[in-house]
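Listed here are the chains, written in short residue letters.
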Protein chains: 2
Amino acid sequence: MTRTLYDLCGRDERLRFSPYCWRVRMALAHKGLAYDTVAWRFEDKQALAFADYDKVPVLCDNEQVITDSFDIMCYLDKTYPEAPLLGEGASYQRVLFFKYFVERSVTPALFRLVAMDLLAAIHPDDRDYFRKTREARFGTRLETLHNPEQARQQLATLLAPVRDLLRSSPFLDGNAPSGADYLLFGSLMWAYTVSLETLGEENTLVDEWFKRMLSVHDGIAGRAFTIRDLS
Amino acid sequence: MTRTLYDLCGRDERLRFSPYCWRVRMALAHKGLAYDTVAWRFEDKQALAFADYDKVPVLCDNEQVITDSFDIMCYLDKTYPEAPLLGEGASYQRVLFFKYFVERSVTPALFRLVAMDLLAAIHPDDRDYFRKTREARFGTRLETLHNPEQARQQLATLLAPVRDLLRSSPFLDGNAPSGADYLLFGSLMWAYTVSLETLGEENTLVDEWFKRMLSVHDGIAGRAFTIRDLS
């Protein structure tokens, strides 16, 4: 039995910051599944040729090769049905909405918070690729995008419904974390891993939840190597 | 057995536009429960004294008096558990997030789309109250808030995750409408009932879903009296 996660790394191989890989790491921990990781870099397309895919996460679960973080979460629920991450029916639809909310609204705002820190955290050989693809996506220079103050203002507004939810439960999905928690956590962990920027005072409730998330599942996220560990 | 919904009405008593009352009307239809309505106006606080509440919806289900649209949805699920609206556990948490998303993000943007149309639809005796409370809430004049073009731009961005979801299912909650659909529908029905303003081209998918919602449950929403029926 082998289980391997191809995981994005930065200028130090221990620096693992992909929001999509973090979703999967937390999902695997949620299911109690052990795995090894293979450090991967953006320019390493050849290493993923076997999966017919050009990005991480890629999960190899014995003979199975699964790509895309949300598809991996679906696969884990199907293959290891105990402790569902996403659920079925309306529950699944609602967490699918939440995934889109995180990707469409929260992640772009976080990108503006840490864009230049991300660039600095990335392996030097990957930086041209990173700049080119992200500047094409946002239609502007990374230096212009990077605007922590504006990002914090955006996040104060955007995360209001998350704060509302956290007023009545310790985790987004209730008394214990599950799929929705991991989807949002992935993006916040991405920012936290590469940057010292904070979410701002208005998001204190979100910060407190983030700290709880760092400590769940034996603190796998809290023990992760971050920019704070680099000199 | 009597079941009565206190429902906000406008300058014509048949004009019923409250987003929160529409949630409840759809939820009652979802459960297949018959009810009468009592037309209520903002200044009619005395009529709700029995409920110790100053707003609608108020639902009287025999001896039970329930206030607040989401609490009414919870009550309906508990009392009439067939065809759950909200669900339990993670499913409930996720639709609670969606409620906050609708109230924090979508509804304020819709308000900017139809603010002056709303004022015109409201009973003349209610207009001072409406203007005073809403201008205090938003911190500016209704005439300044009302900005359909800007509202459409906001809605194009805000509703992106809703459009993403509608690309893979006809309703937000899946193949049939449920709690999440009614939460968003209430707010869009509010705008539709009082105004001819449209959501804009970018939200065609949302428009198509809205039309489907007008036709579900024997078309109770599609048959509603709107500003189009007033001369």
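Further up the page is the structure itself.
Predicted model, so just to flag it, every value in this text is computed and none were measured.

Colleague: Would you explain the pattern of salt bridges in this entry?
Modeller: Opposite charge on two side chains lets them pair, provided their charged atoms get close. Residue and element names in this part refer to chain A. Counted under the stated rule, the structure contains 34 salt bridges over all chains. Residue Lys 31 is joined to Asp 77 by a salt bridge in which the shortest nitrogen-to-oxygen separation is 2.8 Å. A residue pair is termed long-range when its members are at least 10 positions apart, and Lys 31 in the loop between helix H1 (19-30) and strand E2 (36-40) and Asp 77 in helix H2 (residues 69-79) qualify at 46 residues. For the pair shown, Lys 31 and Asp 77 are each scored as buried. Linked by salt bridges that have partners in common, Arg 131, Glu 135, Arg 141 and Glu 143 make up one network.

Colleague: Whenever I open this one, the interface of chain A and chain B confuses me. Can you help?
Modeller: Buried accessible area, meaning the area lost when the parts come together, often serves as the stated size of an interface. Each partner contributes residues to the interface: chain A has 30 residues there, and chain B has 30 residues. Summed over both sides, the interface between chain A and chain B buries roughly 2300 Å², with carbon and sulfur atoms accounting for 58% of that surface. It is A:Gln93, A:Arg94 and A:Phe97 that lose the most area in chain A upon contact with chain B, and together they represent 34% of the buried surface on that side. The interface formed by chain A and chain B holds 4 salt bridges in total. Along the contact surface separating chain A from chain B lie 14 residue pairs in polar contact (both at pLDDT 80 or more). Elements with a contribution of two residues or more to the side of chain A that touches chain B: helix H3 (89-121), helix H7 (160-166) and helix H8 (179-194) of chain A. If you tally residues by element for the side of chain A that touches chain B, the top one is H3(A), at 12 residues.

Colleague: Where do I start with the relation of the copies chain A and chain B in this structure?
Modeller: Taken together, a rotation about one axis and a shift along it account for how the two chain copies relate. Mapping chain A onto chain B leaves a residual RMSD of 0.0 Å; the transformation is a rotation of 180° accompanied by 0.0 Å of translation along its axis. Here the copies are linked by what is in effect a two-fold axis. Using C-alpha coordinates, one finds that chain A approaches the rotation axis most closely at A:Ser91, a distance of 2.1 Å. Both copies present the same face, since 100% of the interface residues in chain A are matched by interface residues at the equivalent positions in chain B.

Cut-offs and rules
- Residues numbered from 1 in each chain as written.
- Chains lettered and ligands numbered in written order.
- Predicted model: local features only at pLDDT ≥ 70, side-chain atom pairs only at ≥ 80, totals over all residues.
- Heavy atoms only, no water.
- Salt bridge = Lys/Arg side-chain N within 4 Å of Asp/Glu carboxyl O.
- Helix = DSSP H or I, 4+ residues; strand = E, 2+ residues; numbered from the N terminus.
- Buried < 20%, exposed > 50% of the residue type's maximum accessible area, 1.4 Å probe, protein only.
- Contact = heavy atoms within 4.5 Å.
- Buried area = accessible area lost by both parts, 1.4 Å probe.
- Polar contact = N/O pair within 3.5 Å; in protein donor to acceptor, adjacent residues only side chain to side chain.
- Least-squares fit on C-alpha atoms with pLDDT ≥ 70 in both.

Everything listed here is a matter of coordinates, which is why it stays silent on function.
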